[in-house]
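# Coordinates in review
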Amino acid sequence: MIELRNVCKKFAGRIAVDDLSFTVPRGEIFGLLGHNGAGKSTAIGMMLGQVWPTSGALKICGHDIQTNRRDALRPVGAIFETPVFYDYLSGARNLEILSTYTAPTSKARIREVIEWVGLTGRESSKVRTYSHGMRSRLALAQALLPKPELLILDEPSDGLDPEGIHEMRQTILRLQRELGLTILLSSHLLNEVEQLCTRIAVLQNGKKVFEGNVADVKSARGKVALKTSDFAKATQLLRERGLITATELEKYITLAEGRSTADIAQALVAAGIAVDGIWQHEQTVKDFYLGLINRNGKK
Amino acid sequence: MFLAQLKNELWKLFGKKRTYIGFGAFVVAQTAMLLMFKYTRWQGQFERLLAGNGYLASEYISALTVAVIMLVPQILLLMPLYVTLTGGDLVAKEAEDGTLRMILSRPISRVRLLLVKWAAGTIFSAVLVLALGAIALGFARILFPWKGMFVFGELPHPIFGLFPPGEGLRLYIFAHLFMTVNAIAMLSVAGMFSCFNMKPAAATILALSFLFLSMVMEHIPFFEAYQNWFITYHFAAWVLVFQTPVPWPQIFQSEIILLATSATAFVIGAMAFQMRDIKS
């Protein structure tokens, strides 16, 4: 659904996005992570034809966004951080206005979308009377109007209270489950990304520094938590026997290729070192992200 | 689809309170001028001028005459201000508010979007000018009778015209049609600046500066031979409908130049809008 090949964007000599390539297949929830100014919004702007790439190719839904914007964006809905509307008009009027930029949309479809996002009864009120949460729901409604196949969400939970964040998260999952949408999500909320996304890419200073499955990130292959009476002695023994390759924080060990936790437990018990616990460590996306950013040097 | 988009653009335009500032200012200014004309020596001076030229003042101090008197300063001062205010908002206000990003995530081309906005701005300009004319005439009619029309002054073309009521009304309508073209040209210049990466106020100020500079240069004796090159020179074409005989070729030449200026401003604006990056 989304295909970026060697995309670069320079603003007045400053590189905002540098040789970015990735693809998002149909049905996936793909997370785009990175610090402020990493290039996420610029990348999204290029995907939506709002920012012109300096070089590279972008295809949305199989169409080149630069040469065939109309077909590329027809099945796309987008939400941006801090949803903005024509405050002096009603929610329904806003939806009617925005729908005409895509295709003729029936009043029934507008009602359907309003109902889907839970704004029924408030659609005639002026948007200036809406809470931030209601504006977010209206933003979602406008994105759903053209019956999209691809949804691009740029910081959709920005500014929401915990309840609103939870609601938005459930809505995104519902969208994927019930409507089978492909979703590209840019977010600072790493636990949100962890709960929602199947795959992520991390941008740092405009460059992609990681792309992979969330499941792989979380499993952190080979990293094991070890609880023992003498961690230093235990790890020295394990190193000597070639069972581990690294230790971390006097708590974690990294298994050598082909070794299992059973090998570790067996070796320690045989050497008379008591093992209080040994388990596969599950890394959070947050741990992984911070480790990655620190390894690559902060901005 | 274009009509639906235009209808919604008009909803956006006329849904804003600031759109009505111009209409409100016209009502206030016209009321003030009308009362001043009626209750100061202004009316007496006009009566003496008519009498001095051998005309019966009672036949020409009328709603039509007073409407034109009220119109001139508003056309010169207020109309450019309110039209460029709307023109400066066309694209820049949406970019500033953030709604432009939401619109441009949809499959509408930027040129099409600008065309819709420009068409809405053109309708606004026409409504503003026609409202100005109708309000002026309506207000004047409350205090003055429906009689012959007297137009006099350096506006900047020298005019001294006396017309029967029917003929006067016809010329008054023609004058407003030509003033609409002026307003469209002003709006187009402001709209052009609005397409560049700048704040709406900056676009309005640039457009007003452009018009002011054109007016100043037009009046510098050195440029007298080049007056045709200044847009403000052609803005005065509406006054020529009150000359006898009416110089239609000169009027139409000015109108064509103004329309061509509007089209040029639109094309430059469209190119700038097409090329720029839209960011939050």
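The structure this text deals with has already been given above.
Anyway, here's the lowdown on the structure attached to this text. (Residues numbered from 1 in each chain as written. Chains lettered and ligands numbered in written order. Predicted model: local features only at pLDDT ≥ 70, side-chain atom pairs only at ≥ 80, totals over all residues. Heavy atoms only, no water.)

### Observations concerning a nonpolar patch on the surface
All names here are of chain B. A surface patch of nonpolar side chains, about 810 Å² in accessible area, is lined by Phe212, Met215, Val216, Ile220, Phe222, Tyr226 and Trp229. Within the secondary structure layout, Met215 lies in helix 10 (residues 200-218). Residue classification places Met215 among the partly exposed residues on the basis of a relative accessible area of 36%. (Patch = residues over 30% accessible without salt bridge, like charges linked within 9 Å, V, L, I, M, F, W, Y side chains within 5 Å. Areas by Shrake-Rupley, 256 points an atom, 1.4 Å probe, with all protein chains shown as cover. Salt bridge = Lys/Arg side-chain N within 4 Å of Asp/Glu carboxyl O. Helix = DSSP H or I, 4+ residues; strand = E, 2+ residues; numbered from the N terminus. Buried < 20%, exposed > 50% of the residue type's maximum accessible area, 1.4 Å probe, protein only.)

### Regarding the layout of surface pockets
Residues and elements named next belong to chain B. Put simply, the largest pocket is a space of about 480 Å³. Around the largest pocket, the lining is made up of 22 residues, and of these Ile75, Leu76, Met215, Thr232 and Phe235 lie nearest the centre. Counting only elements with at least two residues in the lining of the largest pocket, the list comes to helix 5 (63-89), helix 9 (165-194), helix 10 and helix 11 (231-235). The dominant element in the lining of the largest pocket, judged by the number of residues it contributes, is helix 5, at seven residues. The residue makeup of the lining of the largest pocket, split by class, is 17 nonpolar, three polar and two charged. (1 Å grid on protein atoms, 1.4 Å probe; cavity = no way out; pocket = protein on both sides within 12 Å on 5 of 7 lines; lining within 4 Å. Points joined across faces, edges and corners; volume = space filled by probe spheres on them. Nonpolar A, V, L, I, M, F, W, Y, C, P; charged D, E, K, R; others polar.)

### Comments concerning the packing of aromatic side chains
The full count for this structure, using the stated rule, is 27 aromatic pairs over all chains. Where Tyr20 of chain B meets Phe23 of chain B, the ring centres are 6.1 Å apart and the plane angle is 40 degrees; that geometry is what we call tilted. Exposure remark for Tyr20 of chain B: the relative accessible area of 40% places this residue in the partly exposed category. Between Phe23 of chain B and Phe124 of chain B the ring centres are 6.1 Å apart and the planes differ by 85 degrees, which places this aromatic pair in the edge-to-face class. Of this pair, Phe23 of chain B sits in helix 2 (residues 21-39) while Phe124 of chain B is found in helix 8 (residues 110-143), placing the two residues 101 residues apart along the sequence. For the pair shown, Phe23 of chain B and Phe124 of chain B are each scored as buried. Ring pairing ties together the aromatic residues Phe37, Trp42, Phe46, Tyr55, Tyr60, Phe144, Phe150, Phe152 and Phe160 of chain B, which thus form one cluster. Across from the ring centre of Trp11 of chain B, 3.6 Å away, lies the NZ or CZ of Arg93 of chain A, which sits over that ring. (Phe/Tyr/Trp six-rings, centres within 6.5 Å; stacked < 30°, edge-to-face > 60°. Lys NZ or Arg CZ within 6 Å of the ring centre and 35° of its normal.)

### Some remarks on the nonpolar core
Residues Ile200 of chain A together with Tyr172, Trp238, Phe242 and Phe273 of chain B are the most contacted members of the largest nonpolar core, which totals 136 residues. In contact with Ile200 of chain A, other than residues within four places in its own chain, are Phe30, Gly31, Leu33, Val193, Phe210, Glu211, Gly212, Val214, Val217, Val285 and Phe288 of chain A. Grouped together as the second largest cluster of nonpolar side chains are 33 residues, Leu20, Val76, Ala78 and Phe80 of chain A included. (Core = buried A, V, L, I, M, F, W, Y, C linked by side-chain atoms within 4.5 Å. Contact = heavy atoms within 4.5 Å.)

### Observations concerning the sheet that holds strand 3 (residues 29-34) of chain A
All names here are of chain A. Here we have six strands laid out as an open sheet, ordered 6-7-8-3-9-10, and mixed in their pairing. Here the strands that pair on one side only, and so sit at the sheet edges, are strand 6 (76-79) and strand 10 (207-213). Each neighbouring strand pair of the sheet contributes to a mean axis angle of 15 degrees, computed without reference to strand direction. Judged from the six bridges that link them, strand 9 (residues 199-204) and strand 10 form a sheet pairing that is antiparallel. Within strand 10, the position partnered with Ile200 by the bridge is Gly212. Where helix 5 (residues 132-144) meets the sheet, it contacts strand 6 and strand 7 (150-154), and its direction lies at approximately 165 degrees from that of strand 6. Against the sheet, helix 11 (residues 285-295) touches strand 3, strand 9 and strand 10, its axis set at about 30 degrees to strand 9. (Pairing = 2+ DSSP bridges. Axes fitted to C-alpha atoms, helices over the stretch in contact; angles between N-to-C directions.)

### Section: the interface of chain A and chain B
Tallying the contact residues gives 37 residues for chain A and 32 residues for chain B. For the pair chain A and chain B, the number of links is three salt bridges. With its nearest N and O atoms 3.8 Å apart, the salt bridge here joins Asp154 of chain A to Arg101 of chain B. Where chain A meets chain B, there are 22 residue pairs in polar contact (both at pLDDT 80 or more). (Polar contact = N/O pair within 3.5 Å; in protein donor to acceptor, adjacent residues only side chain to side chain.)

### A look at unusual backbone geometry
It is generally the case that most residues other than glycine have a negative phi and that most peptide bonds are trans. With an omega of -5 degrees, the peptide bond between Thr244 of chain B and Pro245 of chain B qualifies as cis. Positive phi, normally seen in glycine, also occurs at Thr82 of chain A, with a value near 50 degrees. With respect to the helices, strands and loops of the structure, Thr82 of chain A is situated in the loop between strand 6 and helix 3 (91-99). The exposure class of Thr82 of chain A is partly exposed, given its relative accessible area of 45%. Residue Glu155 of chain A is not a glycine yet carries a positive backbone phi of 50 degrees. For Glu155 of chain A, the position within the fold is in the loop between strand 7 and helix 6 (162-179).

### Here's the deal with the packing of helix 2 of chain B against helix 3 (residues 42-52) of chain B
Across the interface, helix 2 of chain B lies against helix 3 of chain B with an axial gap of 5 Å and an inter-helix angle of 60 degrees. Mapping the contact onto sequence places Met33, Met36, Phe37 and Lys38 of chain B in helix 2 of chain B and Trp42, Gln43 and Phe46 of chain B in helix 3 of chain B.

### Side note on the side chain of Ser105 of chain B
With respect to the helices and strands, Ser105 of chain B occurs in the loop between helix 7 (99-103) and helix 8. Judged by its relative accessible area of 2%, Ser105 of chain B is buried.

### Describing empty space enclosed by the protein
Using a probe with the size of a water molecule, rolled over the atoms, empty space left in the structure can be pinpointed. Residue and element names in this part refer to chain B. Under the defined criterion, the tally for this structure stands at three cavities of 30 Å³ or more. Space inside the largest cavity adds up to approximately 80 Å³. In this structure, the largest cavity is lined by Leu13, Lys16, Arg18, Thr19, Gly22, Tyr82, Leu85, Thr86, Asp89 and Phe124. Counting residues per element, the lining of the largest cavity draws most heavily on helix 5, at four residues. Split by residue class, the lining of the largest cavity holds four nonpolar, three polar and three charged. Computed from the structure, the second largest cavity encloses a volume of approximately 50 Å³. Forming the boundary of the second largest cavity are Leu90, Leu114, Trp118, Ser188, Gly191, Met192, Cys195, Ala265, Phe266 and Gly269.

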